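Residue-level structural notes
Residues per chain are reported as follows:
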There are 2 protein chains.
Amino acid sequence: MVPVETPYVAVDLDVLDRNVRSMAASATARGLALRPHAKTHKTIEIARRQLEQGAAGLTVATVREAEIFADGGAGDLFIAYPVWPSPERARRLRALAERVALRLGVDSAESADALARAVGPLDVLVEVDSGHHRSGVQPHEAKGLAEAAARAGHRVLGIFTFPGHGYGPGSQPQAALDEARALAGADPGAGVRSGGSTPTAGLAGAGPLTEIRPGVYVFNDAQQVELGTCDFDAVALTVAATVVSRTGNRAIVDAGSKILGADRLAWATGFGRLPDFPEARVAALSEHHATIEFPDAVPARGDLLRVAPNHVCATVNLVDELVVVSGGGQVDQWRVAARGANT
Amino acid sequence: MVPVETPYVAVDLDVLDRNVRSMAASATARGLALRPHAKTHKTIEIARRQLEQGAAGLTVATVREAEIFADGGAGDLFIAYPVWPSPERARRLRALAERVALRLGVDSAESADALARAVGPLDVLVEVDSGHHRSGVQPHEAKGLAEAAARAGHRVLGIFTFPGHGYGPGSQPQAALDEARALAGADPGAGVRSGGSTPTAGLAGAGPLTEIRPGVYVFNDAQQVELGTCDFDAVALTVAATVVSRTGNRAIVDAGSKILGADRLAWATGFGRLPDFPEARVAALSEHHATIEFPDAVPARGDLLRVAPNHVCATVNLVDELVVVSGGGQVDQWRVAARGANT
C-alpha cells in the first residue's frame, strides 16, 4: 500500500462491522426487513458485508448506483427515487431489470405511465410523503396512484417513505410516528411498507412497517452524534487531517469542504466534530481549511487529527478510496465504486 | 460523444472565453499580474486558455493540484497554502520544484523551518491575514516572518492574502480596502503583493497590489450573481437537471447536493439559482433532489432546467467531466483532471 497523505478518509473496520451487525440484529428482533441505503458508502465491500449479515437487498438513489452494485454482485435493488425515463435511461433500466430483481419508486401516475411506455412493466413502490415534503404523494392519494400504476402495467409491491424531517434535535419520535401513520394510512393493500432513515430506524416498529432503509448507520457522523442517535464510539468514518496553522485557541487543518463536505443543518454546532476532542468545535470551513476551536490546549503544527464530518454521505462521494484501519493500522483500501454515480 | 444524461455539468464555451478574456484585460489595464486560482476549474483545457490570454502563472491549493497542472504543461505555479511537509509531501515538493517555477505560502517561522529542513530552499510568499481570519500572520508580523523565512534559506518573493470576508452582501469595497491596506502595510520590501478573490478582483488597484488571484470568475455562480459581482449572462457553468416530481408551486429536479454542492452562506436566497427563471428559488436540497419554488407556472415532469450552483468550485469537484456547449449544442467534453486532488 502506498503511503497515505492527509487529508484522507479512514474507516475503522471494527466499528463498521459492529454497526452493520447491530442494525441487522435490531431489524431482525423487530421482524423488519433491512434494505440499507448504499448511497452512503457507495462501496462494494461494504454492501457485501451488509448482505452477508442478512440485508434483504440494497436501496440506491440512482440508476447508475444500481448498475454498479449489480456489477458488484447485488441481486435485489430498490431505486428509491422517482426516476424519469429519458430514452437512454429507459434502455439502461430495461437492461438492469433483466439481470437483477429491480424495484423502482413512483410518485405520480404520469411517471408510472412514462415508465411503462419507455421501459415496460416494472416492480414499483408508491412513494408517500410522511412529513418531509420533498417527493411522494399524500397518504390518502397512495391507493389511487397504486391503482394507476397497476393499470399502466406495473406490479405494485407496496409503499415507501423517507421521514427526513427526523433530522432535527428531538424530532425523531414525532418523525417515526408520522412515518408509521403515513405508511399505515396509505397502505394500498400490497405487501411492502418501507420506511426508515438512520435517526428513526431504531424507533420503527413492525406492523406499520415491514422494512427499513437506513444508510448512514454503517459509518455514523457528527450529525448523528449531535442528534443523539449514536455516541462517538459508533463513528466508523473520520477524515484524517494535519494541523497546518494555528493562532490563539484555533488550529487550522488541511481538510476542508472538498473532503468533509459543506453540509451544515441549522442546529449543528459546526462543520464536523472531533471524536478525540469532544469539546472542540469546527467553527469555519473553506475548501481546504477547517478552523477548529479548542477550549484548552491547541494541537501543534504537524499533528494528525480525526474529524467526523457532519454528513458522511457527502464525504464518501468526494474521494476515490477509503483507507480501512483496524487496531491503529491500515489493513486495506476500498474503492468508492459508485462515487459520482449521479445519473 | 455518448448521450449525456442528467444531471450533468454544462460549460458554455462562449461565456467562459468572454470571462477569461475580460478578467485578463481588466488586470492588464490596471497594471496587475493575473495568476488565476485553478482550484475552481481543475481542468487543463481551461488553464491553457487562461495562460494563452496572458495569465502570469496559476495558483493552486494543494501539491497534487500543482503536480496535475505541471503534467498539463503549466510552468509557473503558486501553492497559496501553508503546506506542512510530511516526508512524502516533502519528496513530492522537491520533485515539483525541479520541473516548474514553484512558489509556496508560509504563515509561520515554524513551517518555514520545517520546509527548509524537509524540502530545502524554496521560493515563498508570506501569508497575511487581511480580515478573513483563517490563516496568515497579522500585517505587522509579516516583516519578521519574511526575515525568519530568509534565515531558514528560502527566497522570499513577497506577500499574499485572501480577502475572503468579501463574500458578504455589500462587503466587497471594505474587503478590497482591507486587502490593500494589509498588503501595503505588511510589505517586507520584496516584490510581489498578491491579493484578489473574484468579488474583490475588480476593485483591486495597482500600487498596494501587484497581482490578483481570482478563481471563480471563469464560470461565476449563484453567489457571484447574488453578491452583484456579475449578471446571469456571465454565468458559464450550470447543472442540467430533469424535473422528476412536482406539487403545488414546486418542482423537484434530479440534481442535488452530490452535484450542486451543499455550500450555502447565510445571506444566500437558496441552494442555487436558475438563469432562465430568475424569480425561482432553490428552497431545499437533498443528495439527489433540489426543490425549486416557482412564482408562476411550474415546469412539467421531464423538462430540462439549468441550475447555477451557489459555489462553483464545489460543483466541479463532484464530477469527472464538463460537458462543453456552444450555440445550444455539445462541442466538447473536458476531463476534470484535478478532481479530488486534496493532498
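Not measured: the values here are computed from a predicted model. (Residues numbered from 1 in each chain as written. Chains lettered and ligands numbered in written order. Predicted model: local features only at pLDDT ≥ 70, side-chain atom pairs only at ≥ 80, totals over all residues. Heavy atoms only, no water.)

**Thoughts on the domain arrangement of chain A**
Residues and elements named next belong to chain A. Quick reminder of the rule: For the domain bounds, the source is a domain assignment made automatically or taken from a database. Any two residues whose heavy atoms approach within 4.5 Å are treated as being in contact. The term buried area refers to how much accessible surface (probe radius 1.4 Å) is lost by two components on association, counted for both of them together. By definition, a salt bridge exists where a carboxyl oxygen of Asp or Glu is found within 4 Å of a side-chain nitrogen of Lys or Arg.
If you check the domain split of chain A, you get domain 1 (13-215) and domain 2 (223-335). Here the C-alpha centre of domain 2 lies 30 Å away from the C-alpha centre of domain 1. Taken residue by residue, the interface counts 21 residues in domain 1 and 22 residues in domain 2. Interface of domain 1 and domain 2: buried area, both sides summed, is about 1,600 Å²; carbon and sulfur atoms make up 62% of it. In terms of surface lost to domain 2, no three residues of domain 1 exceed Leu13, Thr40 and Tyr167, which account for 31% of the buried area on that side. Remark: the boundary between domain 1 and domain 2 carries zero salt bridges.

**A look at the interface of chain A and chain B**
Note the cut-off: Two N or O atoms count as a polar contact when they lie within 3.5 Å, although within protein this holds only if one can serve as hydrogen donor and the other as acceptor, and sequence-adjacent residues are included solely when both atoms are side-chain atoms. Here a strand is any run of E in DSSP of at least two residues, a helix any run of H or I of at least four, and the numbering for each starts at the N terminus. Residue classes follow a fixed rule: Ala, Val, Leu, Ile, Met, Phe, Trp, Tyr, Cys and Pro count as nonpolar, while Asp, Glu, Lys and Arg count as charged, and any other residue, Gly among them, counts as polar.
Counting from both sides, the interface comprises 51 residues of chain A and, opposite them, 51 residues of chain B. Interface of chain A and chain B: buried area, both sides summed, is about 4,400 Å²; carbon and sulfur atoms make up 48% of it. Our count for the chain A to chain B interface comes out at 12 salt bridges. The shortest N-O distance in the salt bridge between arginine 92 of chain B and glutamate 5 of chain A comes to 2.8 Å. Counting the contacts that link chain A with chain B gives 30 residue pairs in polar contact (both at pLDDT 80 or more). Ranked by residues supplied to the side of chain A that touches chain B, first place goes to strand 10 (residues 237-247) of chain A with four residues. Classifying every residue of the side of chain A that touches chain B by side-chain character gives 14 nonpolar, 19 polar and 18 charged.

**Remarks on empty space enclosed by the protein**
Over the atoms, a rolling probe the size of a water molecule traces out where space has been left empty. As a reminder, the rule being used: Cavities and pockets were defined on a 1 Å grid built from protein atoms only: a cavity is a group of points that admits a 1.4 Å probe but offers it no way out, a pocket is an open group of points flanked by protein on both sides within 12 Å along at least five of seven lines, and a lining residue is one with an atom within 4 Å of any such point. Grid points are joined across faces, edges and corners, and a volume is the space filled by probe spheres set on the points.
Within this structure, the stated rule accounts for five cavities of 30 Å³ or more. Together, 17 residues line the largest cavity, and Gly261, Ala262 and Leu318 of chain A together with Gly261 and Leu318 of chain B are the ones closest to its centre. Counting only elements with at least two residues in the lining of the largest cavity, the list comes to helix 10 (257-260) of chain A together with helix 10 (257-260) of chain B. When the residues that make up the lining of the largest cavity are grouped by side-chain class, the tally is six nonpolar, six polar and five charged.

**Examining the packing of aromatic side chains**
All names here are of chain A. Rules: Only the six-membered ring of Trp is used, alongside the rings of Phe and Tyr, when aromatic pairs are assigned; centres must lie within 6.5 Å, and planes under 30 degrees apart are stacked while those over 60 apart are edge-to-face, with the rest tilted. Only protein chains enter the area calculation, which uses a 1.4 Å probe; residues under 20% of their type maximum are buried, those over 50% are exposed, and those in between are partly exposed.
Across all of its chains, the model carries four aromatic pairs over all chains by this definition. When the ring of phenylalanine 78 is compared with that of phenylalanine 160, the centres are 5.0 Å apart and the planes differ by 85°; the resulting orientation is edge-to-face. Remark: phenylalanine 160 occurs in strand 7 (residues 155-160) and phenylalanine 78 occurs in strand 4 (residues 76-79); sequence separation between them is 82 residues. Phenylalanine 160 carries the same exposure label as phenylalanine 78, and that label is buried.

**Things to note about helix 3 (residues 63-71) of chain A**
Residues and elements named next belong to chain A. Along helix 3, seven of the nine residues are buried, which leaves the element largely enclosed by surrounding structure. Taken together, the buried positions of helix 3 are occupied by Val63, Glu65, Ala66, Glu67, Ile68, Phe69 and Ala70. Where helix 3 is buried, its residues meet helix 2 (44-52), strand 3 (58-60), strand 4 and helix 4 (87-99). Looking one or two residues past helix 3, glycine 73 carries a phi angle of roughly 110°, positive in sign.

**Comments concerning the pairing of strand 8 (residues 192-195) of chain A**
All names here are of chain A. Convention followed: Strands are labelled as partners when DSSP assigns at least two bridges between them.
Where burial is concerned, the two faces of strand 8 agree: the one with Val192 and Ser194 and the one with Arg193 and Gly195 are both buried. When strand 7 meets strand 8, the two strands line up parallel, connected through three bridges. Bridge pairing in strand 8 links glycine 158 to valine 192. In this structure, strand 8 lies alongside strand 9 (residues 211-212), joined through two bridges in parallel fashion.

**Considering the side chain of aspartate 221 of chain A**
All names here are of chain A. As a reminder of what qualifies: Only four residue types enter the tally: Lys and Arg on the positive side, Asp and Glu on the negative side; His and the chain ends are excluded.
Position of aspartate 221 among the secondary structure elements: in the loop between strand 9 and helix 9 (222-227). In this structure, aspartate 221 is buried with no salt-bridge partner, the nearest side chain bearing the opposite charge being lysine 39 at 9.1 Å. Those residues in contact with aspartate 221 that lie beyond four places of it in its chain are Val216, Val235, Pro309, Asn310, His311 and Val312.

**Comments concerning the sheet that holds strand 9 (residues 211-212) of chain B**
Strands in a sheet are paired, the pairing made by backbone hydrogen bonds, and the direction either parallel or antiparallel. Residues and elements named next belong to chain B. Threshold: Between N-to-C directions, angles cover 0 to 180 degrees, with each direction set by a line fitted to C-alpha atoms, over the stretch in contact for helices.
Across the sheet, which stays open at both edges, the eight strands sit in the order 2-9-8-7-6-5-4-3 with parallel pairing between neighbours. At either end of the open sheet lies a strand with only one pairing partner, and these are strand 2 (33-34) and strand 3 (58-60). By the bridge criterion, five bridges tie strand 6 (residues 123-127) to strand 7 (residues 155-160) in an arrangement that is parallel. The partner of leucine 125 across the bridge, within strand 7, is glycine 158. In this fold helix 3 (residues 63-71) packs onto strand 3 and strand 4 (76-79), with an angle of close to 170° to the strand it touches most, strand 4.

**Focus: the side chain of lysine 39 of chain A**
Here lysine 39 of chain A shows up in the loop between strand 2 (33-34) and helix 2. Of the polar contacts made by the side chain of lysine 39 of chain A, one reaches the side chain of glutamate 287 of chain B; its length is 2.9 Å. Setting aside anything within four residues of it in sequence, one finds lysine 39 of chain A in contact with Thr59, Ala61, Glu65 and Cys313 of chain A together with Lys258 and Glu287 of chain B.

**A look at the environment of glycine 31 of chain B**
Residues and elements named next belong to chain B. Tracing the sequence through the fold places glycine 31 in the loop between helix 1 (13-29) and strand 2. Residue classification places glycine 31 among the exposed residues on the basis of a relative accessible area of 56%. In this structure, the C-alpha to C-alpha distance between glycine 31 and glycine 207, residues 176 residues apart in sequence, is 9.0 Å. With near-sequence residues (within four places) excluded, glycine 31 lies in contact with Ala206 and Thr210.

**Digging into the relation of the copies chain A and chain B**
The criterion, for reference: To superpose the copies, least squares is applied to the C-alpha atoms of every residue with a pLDDT of at least 70 in both.
Taken as rigid bodies, chain A and chain B are interconverted by a rotation of 180° and an axial shift of 0.0 Å, the fit giving an RMSD of 0.0 Å. The superposition of one copy onto the other is thereby described by a two-fold rotation axis. Across chain A, the rotation axis passes nearest the C-alpha of alanine 262 of chain A, at a separation of 2.7 Å. Most of the interface of chain A is mirrored in chain B, where 100% of its interface residues are also at the interface.

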